[in-house]
Amino acid sequence: MASLTIRKLDENVKTFLRLRSARNRRSVEEEVRVILGELIEGREEPLTPFTAPPAASATPIPQRTGALPEAGVTLIIGGGIAAYKSLDLIRRLKERRIEVRCVLTKAAQQFVTPLAVSALSHERVYTDLFDPQSEFDAGHIRLARECDLIVVAPATADLMAKMANGHADDLASAILLATNRKVLLAPAMNPLMWNNAATRRNVAQLKRDGVVLIGPNSGEMAEAGEAGIGRMSEAIEIATAAERLLRPPVPRPLAGKRVLITAGPTHEPIDPVRYIANRSSGKQGFAIAAAAQAAGAEVILVSGPVDLGDPRGVTVKHVESARQMLEQVQAALPADIAIFAAAVADWRVANEGEQKLKKSSAGMPPLQLVENPDILATISKLTDKRPPLVIGFAAETEHLIDNAKSKLARKGCDWIVANDVSPATGVMGGDRNTVHLISRKNDEKDGEIAVDSWPAMTKEQVAIELVAHVAKSVTGKSREPAS
Ligand SMILES: Cc1cc2nc3c(=O)[nH]c(=O)nc-3n(C[C@H](O)[C@H](O)[C@H](O)COP(=O)(O)O)c2cc1C
């Protein structure tokens, strides 16, 4: 079968193919394949030679669909020398997965062509307020609203004057007046224009109206020998500012803090195949680890045997027994915050069998138990590496608050998260938890004990709430630097 070299095609056909493929987001080769398929099926799009720029082509504004990238920007390009930088801006926005639909003012078309803008944005370009093909369904309103942000780059003195005064006599100004989206302006003009009293008034008005400005920067002007404030911000700066408005940074109140968390049960071996365990699933501790990580903390999770995947971005140390857990906890110090959510076995078998215990005529083997190390008390009573905030969990089946209050005093920790784990609650292994945060008023050493009872929540919600309390408490407190 003959192959086709696109390079050797007629210029008009090549231009047509480039535009059509850009509009349909296909490679030129794929577009040729589609056209040939359509021809064979008799559904061809007329192959009229390219004569007019795409802005004048008669296609209505396509609806944004769910399959498109997460964020969309309507980019208005004004008539200034800096318009050439908007071509780079389109690329910078697209590499951030921001879809870009461009509008060119009449003056902008003197500096950049709709063809170049269309090829880069992979979209049709809009230039005319009175375009019957896009205005049949109020296209300017859709361009104003079917986006998450409007960026004007370059924002000319003229466009800013129109905006500040509510003009709407062309497509760009009509969109800016009709929008209910945030608007980001990247002004660019001669320093004298920027410093002119009229521009100063317009800028002040626009700021009052909630419009966000980036730049202008200072530097050399296109005009020979002129310098000052008026250069448009670089494309990358504008794209970053747009992204910040589209995807505001998530607050990270625990950034720079190291959080140590324990979770799950411990398994205390009887012999190589048997162990003593409890019903803890580890879900609450894992949820706290994930929430602390999301809040920006460096998280070390020491987990007993659980059936859960490691939370993303968390360092997980897997252990079996209480003694191994204590070892890993000590190795993870120093930390700013320690949250001991694991259900650590209080006892272990004194003489762990080296071989599997066998049934014998002597009857049941006696299981002598000895006390396990108390991880919460050990860490709370450290003098050198004690984390500034130590939180224990109290899983109780009766006298919940009283037991938790005495645990707070006995263990020497700062807070206790008390939860009722009686079988009827379904907390052990379940997805919900009802907790009481027990602490000392104002976090004072001998302060009165305060009980903050939270409503029943998912373990994830409990985790988020606890991390929020932690973040509020530790702001300003820091661990001793690692030796
Ligand atoms: C070569 C040239 C460069 C221009 N550069 C700028 C500029 O950087 N900033 C500006 O505000 N106006 C500039 N202008 C003036 C605008 O093009 C003019 O005010 C136009 O009406 C703006 O239209 P618009 O705001 O609809 O795009 C320039 C004009 C010319 C001829």
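Right, let's walk through the structure included here. The written sequence of each chain sets the order in which its residues are numbered from 1. At least 70 in pLDDT is required for a residue's local features to be given in this predicted model, at least 80 for side-chain atom pairs to be given and counted, and no such filter applies to totals for whole chains, interfaces and linings, which use all residues.

Some points on the overall build of the protein
Then comes step 1: Secondary structure elements follow DSSP: runs of H or I of four or more residues count as helices, runs of E of two or more count as strands, with numbering from the N terminus. When its secondary structure is counted, the protein shows 16 helices and 21 strands.
Then comes step 2: The long-range fraction of contacts in the protein, counting pairs at least 24 apart against all pairs at least 6 apart in sequence, stands at 70%. Each residue gets a C-beta atom placed from its backbone, and two residues are in contact if those atoms lie within 7 Å.

Re the sheet that holds strand 8 (residues 258–263)
Then comes step 1: A pair of strands is labelled paired if DSSP reports no fewer than 2 bridges between them. On the basis of which strands lie adjacent, the open sheet formed by eight strands has the order 12-11-8-13-16-17-19-20 and mixed pairing. At either end of the open sheet lies a strand with only one pairing partner, and these are strand 12 (315–318) and strand 20 (449–453). Strand-to-strand twist of the sheet, defined as the mean angle between neighbouring strand axes without regard to direction, takes the value 15 degrees.
Then comes step 2: Pairing of strand 16 (residues 389–396) with strand 17 (residues 415–420) involves six bridges; the strand directions are parallel. Bridge assignment links A394 to a residue of strand 17, and that residue is A418.
Then comes step 3: Packing against the sheet, helix 15 (residues 400–411) makes contact with strand 16, strand 17, strand 19 (435–440) and strand 20, and its axis sits at approximately 145 degrees to strand 16.
Then comes step 4: Axes here mean lines fitted to C-alpha atoms, for a helix over just the part in contact, with angles spanning 0 to 180 degrees between N-to-C directions. Running over the sheet, helix 16 (residues 459–474) touches strand 13 (337–340), strand 16, strand 17 and strand 19 and is turned about 150 degrees from strand 16.

Details of the pairing of strand 11 (residues 298–303)
Then comes step 1: Backbone-placed C-beta atoms define the burial measure: a residue is buried with 20 or more other C-beta atoms within 10 Å of its own, exposed with 12 or fewer, and partly exposed in between. Here strand 11 lies mainly inside the structure; five of its six residues are buried.
Then comes step 2: Sheet analysis places strand 8 next to strand 11, joined by six bridges and oriented parallel. Each bridged residue has a counterpart across the sheet, and for T262 the counterpart in strand 11 is V302.
Then comes step 3: Where strand 11 meets strand 12, four bridges bridge the pair, whose relative direction is parallel.

Considering the packing of helix 7 (residues 157–165) against helix 8 (residues 171–178)
Then comes step 1: Relative orientation of the contacting elements helix 7 and helix 8 amounts to 40 degrees, with a least axis distance of 10 Å. As the angle between them shows, helix 7 and helix 8 are arranged oblique. The hand of the helix 7/helix 8 crossing is right-handed. Two secondary-structure elements touch here, helix 7 through L159, K162 and M163 and helix 8 through A172, S173 and L176.
Then comes step 2: Only Asp, Glu, Lys and Arg are considered charged in this grouping, and only Ala, Val, Leu, Ile, Met, Phe, Trp, Tyr, Cys and Pro are considered nonpolar; every other residue, Gly among them, is considered polar. Broken down by class, the residue content of the contact of helix 7 with helix 8 amounts to four nonpolar, one polar and one charged. Angle categories: roughly parallel below 35 degrees, roughly antiparallel above 145, roughly perpendicular from 65 to 115, and oblique for all the rest. The sense of a crossing depends on the near helix, which, turned anticlockwise from the far helix by less than a right angle, makes the crossing left-handed and, turned clockwise, makes it right-handed.

A look at the site of the ligand
Then comes step 1: Close to the ligand lie 16 residues; G79, G80, T105, A107 and T156 are nearest.
Then comes step 2: Grouping the amino acids of the shell around the ligand by side-chain chemistry returns 10 nonpolar, five polar and one charged. Think of it this way: take the backbone, place a C-beta atom on it, and check whether that atom is within 6 Å of the molecule or strand, in which case the residue is near it.

Details of the pairing of strand 8
Then comes step 1: Among the six residues in strand 8, six count as buried, and that is most of the element.
Then comes step 2: Here strand 8 shows no split at all, with R258, L260 and T262 on one side and V259, I261 and A263 on the other all buried.
Then comes step 3: Strand direction decides the pairing type here: strand 8 and strand 13, joined by four bridges, are parallel. When the bridges of strand 13 are listed, V259 appears paired with I337.

Details of the packing of helix 3 (residues 83–95) against helix 4 (residues 114–121)
In a pair of packed helices, the angle between the axes and the distance between the axes together describe the arrangement.
Then comes step 1: At a closest axis distance of 9 Å, the pairing of helix 3 and helix 4 adopts a crossing angle of 15 degrees. Comparing their axes, helix 4 and helix 3 come out roughly parallel. In this structure, the crossing between helix 3 and helix 4 has a hand that is right-handed. Residue-level inspection shows L87, I90 and R91 of helix 3 in contact with helix 4, the latter providing A116, V117, L120 and S121.

Side note on the environment of K14
Then comes step 1: Mapped onto the fold, K14 is located in helix 1 (residues 11–24).
Then comes step 2: A residue is classified by how many C-beta atoms lie within 10 Å of it, and K14, with 15 of them, is partly exposed.
Then comes step 3: Spatially, the C-alpha atom of K14 lies 8.8 Å from that of V28, the residues being 14 residues apart in sequence.

Overview of unusual backbone geometry
Trans peptide bonds make up most of the peptide bonds, and negative phi angles are found at most residues other than glycine.
Then comes step 1: That bond from A153 to P154 is cis: its omega, -5 degrees, falls within 30 degrees of zero.
Then comes step 2: In this structure, P154 sits in strand 3 (residues 149–155).
Then comes step 3: The omega torsion of the bond from G215 to P216 falls at 5 degrees, within 30 degrees of zero and hence cis.
Then comes step 4: Its place among the elements puts P216 in the loop between strand 5 (212–213) and strand 6 (217–220).
Then comes step 5: Phi at R97 is positive, roughly 60 degrees, even though this residue is not glycine.
Then comes step 6: Positive phi, normally seen in glycine, also occurs at H122, with a value near 60 degrees.

Here's the deal with helix 8
Then comes step 1: Listing the buried residues of helix 8 in full gives L171, A172, S173, I175 and L176.
Then comes step 2: Elements in contact with the buried residues of helix 8: strand 1 (71–77), strand 2 (98–104), helix 6 (139–145), strand 3, helix 7 and strand 4 (182–187).

Focus on the nonpolar core
Then comes step 1: Core analysis: the largest hydrophobic core is formed by 62 residues, its most contacted members being V259, I261, I288 and A292.
Then comes step 2: Contact partners of A292, with chain neighbours within four places excluded, come to L254, V259, I261, A297, V299 and V467.
Then comes step 3: One finds A144, I150, A155 and M160 within the second-largest nonpolar core, a separate group that totals 55 residues. To define a nonpolar core, we join buried Ala, Val, Leu, Ile, Met, Phe, Trp, Tyr and Cys residues through C-beta atoms within 7 Å and take the resulting set.

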